[in-house]
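Results of the structural survey
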Amino acid sequence: MAAEDQSQTSQSDLPYVLILKPPPSFVLFGDHFFHSPNFQYLKAYESPLPLPHFLHTHAQSVQALLSSGGAPVTADTIRLLPRLGLVVTTSQGLNHIDLSECRRRGIAVAGAGTIFSADCADSAVGLLIDVLRKISAANRYVKQGLWSSQGIYPLGYKLGGKHVGIVGLGSIGTEVAKRLEPFGCSISYNSRSKKPLVPYTFYPNVVELAANCDALIICCALTDETHHLISKEALLALGKDGVIINIARGPIIDEKELVHCLVKGEIRGAGLDVFEHEPDVPVELFALDNVVMSPHNAVFTRESFDDLCKLVVGNLEAFFSNEPLLTPVALDDLPHFSGRKD
Amino acid sequence: MESIGVLMACPMNPYLEQELHKRFTLHRFWKVPDKSTFLTTHCNSIRAVVGNASAGADAQLIEALPKLEIVASFSVGLDKIDLAKCKEKGIRVTNTPDVLTEDVADLAIGLMLAVLRKLCESDRYVRSGKWKKGNYMLTTKFTGKRVGIIGLGRIGMAIAKRAEAFSCPISYHSRTEKTETKYKYYPSVVELAANCDILVVACSLTEETRHIVNRKVIDALGAKGVLINIGRGPHVDEPELVSALVERRIGGAGLDVFEHEPEVPEELFGLDNVVLLPHVGSGTVETRKAMADLVLGNLEAHFLNKPLLTPVV
């Protein structure tokens, strides 16, 4: 770390925000991305010290922590930071943070709120249309020069009139439903609880939802309860004409079973932005034209990153000025998040 | 009706072909080695032509078939049919409107998402193994982008309705302003292009709309603008579009149609902001069956002296 410059003595008065690993925006734009004149960053990843030693050294200075999906905030880390009052995450998901431990310690958590919901929903719909209408596969076909020589391209499947089942009708699920309605899709959903004012059909469990729809779109959080929620049973219930889209978290689907079903034709196709062991992707999927994949980039647009920058800086500045957080996460009614990085 | 000769212009749908063969004496024009001899031999038995977006009934074919009574197109587009000649000779013309509106509109939105969010390129990135080395680049958000539609007919309206659900402000250009809609009207395509982020071609191809997207329009659309064509290839000045894309003077394109299908300019193959499809706008199992049934229904109605289902002429 650079030695402190005498001309920047005011800098040393600024409160510290700890960063364990560089978030994606730092990698893409440099480490000035979440800059503020009102606080400074303490970058654990730039230190040669092992993390627990580093945390011991700086324990008294750290009141806030900036986390991203690839940098889990475990109970162990939290226990080494007695003055920690806030965890801000750059991701939509919260599964990498031990929220129970935060609640126990009275540590506030600030999330992404709904800034990513539109992009996530757009990805989900884009993947669904791509899988049904074979957009990526046909684009490959044309760009390989095959259209002239090989005649009529295989037909896709109509989206209009399809029954779409949304798993998790939160902010993202609602945006997906809103977008699919004018396409003539009938929307149904499964959620932890039925939503009273919503015009869509509720199914009490995912297998029943799958059995009654042509496309499943996964929009829920990864928790201990939703791990492998989409099991072999759900996939078989979805059936040979069924499509699954996952823009949530890889471990919500039993990936081995999913691959098996796709290879055997037990389901029609899949659109996947997330996987169980990113960035590893099952190689069997590469041979399949009815699978469309993306590298966990459902929220990776310039616009979302600009919004994220304002939100992260806004939340941290609010915290250090004792003002209300912009996007606090309610820690009362929590499903169990064990803080595993999956 | 087995003695009625029907000429099918090109391969288009196995089910349709099968049904035509069952009900009529079907002649497959693409299998005929010597077309002019064939026409001379069979001209008195052919009473119907079934065409599509690739091949229909031009003046020459119509003149060669003196007993032609009806041209049934397996498409909604009529640009391959000499409508004036048909009118002149009292030949009926039918097409397949409405049944394909949703599929074409769905594909337009699918192309917008694919181009802006680089879905095809993201898929390619994962398949190449590059994700292990790092994240893919940032893409462009679709929600909220201004969508400009050329032609606010059935397909244009269906595109507008879908794009609205993504909070996209809608504007359009049409031959006449549609006062019953709330969308913003622009009296020229150049003005429309200058005021939108995504320009979609959704009008029919006529003499007037050939090259409606020309160099001026492409320049007005600009370096951040995206062109989506689900109409007909000749709507766009293709060489101008290709050079604009290669020179990065426009932001990207999603194209389902081309001037000389199935030929596609190879300069486009390597561009990551371009998505190319082999004219699949209505290409779903469900819709092609509905289109085929409409063609068959129109032919049956005609030969039974009943009202045509979807007459154009």
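Small disclaimer: the values here were computed from a predicted structure and weren't measured. (Residues numbered from 1 in each chain as written. Chains lettered and ligands numbered in written order. Predicted model: local features only at pLDDT ≥ 70, side-chain atom pairs only at ≥ 80, totals over all residues. Heavy atoms only, no water.)

Residue and element names in this part refer to chain B. Considered domain by domain, chain B is made up of domain 1 (5–96 + 286–303) and domain 2 (101–276). Of note, the centres of domain 1 and domain 2, computed from C-alpha atoms alone, are 32 Å apart. Taken together, the two surfaces of domain 1 and domain 2 that pack against each other cover about 420 Å², and 45% of this comes from carbon and sulfur. On the domain 1 side of the contact with domain 2, Val76, Asp79 and Thr287 bury the most area, a combined 73% of that side's loss. Inspection of the domain 1/domain 2 interface yields 1 salt bridge. In this structure, Arg232 engages Asp79 in a salt bridge whose closest nitrogen and oxygen atoms are separated by 3.0 Å. Along the lines of polarity and charge, the residues of the side of domain 1 that touches domain 2 split into 2 nonpolar, 3 polar and 1 charged. (Domains from an automatic or database assignment. Buried area = accessible area lost by both parts, 1.4 Å probe. Salt bridge = Lys/Arg side-chain N within 4 Å of Asp/Glu carboxyl O. Nonpolar A, V, L, I, M, F, W, Y, C, P; charged D, E, K, R; others polar.)

Our focus in this paragraph is the sheet that holds strand S1 (residues 5–8) of chain B. Residue and element names in this part refer to chain B. In space, the 5 strands of this open sheet follow the order S2-S1-S3-S4-S5, with parallel pairing throughout. Unpaired on one side and paired on the other, strand S2 (25–28) and strand S5 (92–94) mark the two borders of the sheet. Between one strand axis and the next, the sheet turns by 20 degrees as a mean value, whatever way the strands run. Judged from the 4 bridges that link them, strand S3 (residues 46–51) and strand S4 (residues 70–73) form a sheet pairing that is parallel. (Pairing = 2+ DSSP bridges. Helix = DSSP H or I, 4+ residues; strand = E, 2+ residues; numbered from the N terminus. Axes fitted to C-alpha atoms, helices over the stretch in contact; angles between N-to-C directions.)

Looking now at the packing of helix H5 (residues 117–133) of chain A against helix H8 (residues 171–180) of chain A. Residues and elements named next belong to chain A. Axis separation between H5 and H8 bottoms out at 8 Å; the angle between their running directions is 50 degrees. On the basis of the axis angle, H5 is oblique to H8. Considering how the two elements wind past one another, H5 and H8 form a crossing that is right-handed. Contacts between H5 and H8 involve Ser117, Ala118, Cys120, Ala121, Asp122, Ala124, Val125 and Leu128 from the former and Ser171, Ile172, Glu175, Val176, Arg179 and Leu180 from the latter. Along the lines of polarity and charge, the residues of the contact of H5 with H8 split into 9 nonpolar, 2 polar and 3 charged. (Parallel < 35°, antiparallel > 145°, perpendicular 65-115°, else oblique. Left-handed = near helix turned anticlockwise from the far one by under 90°. Contact = heavy atoms within 4.5 Å.)

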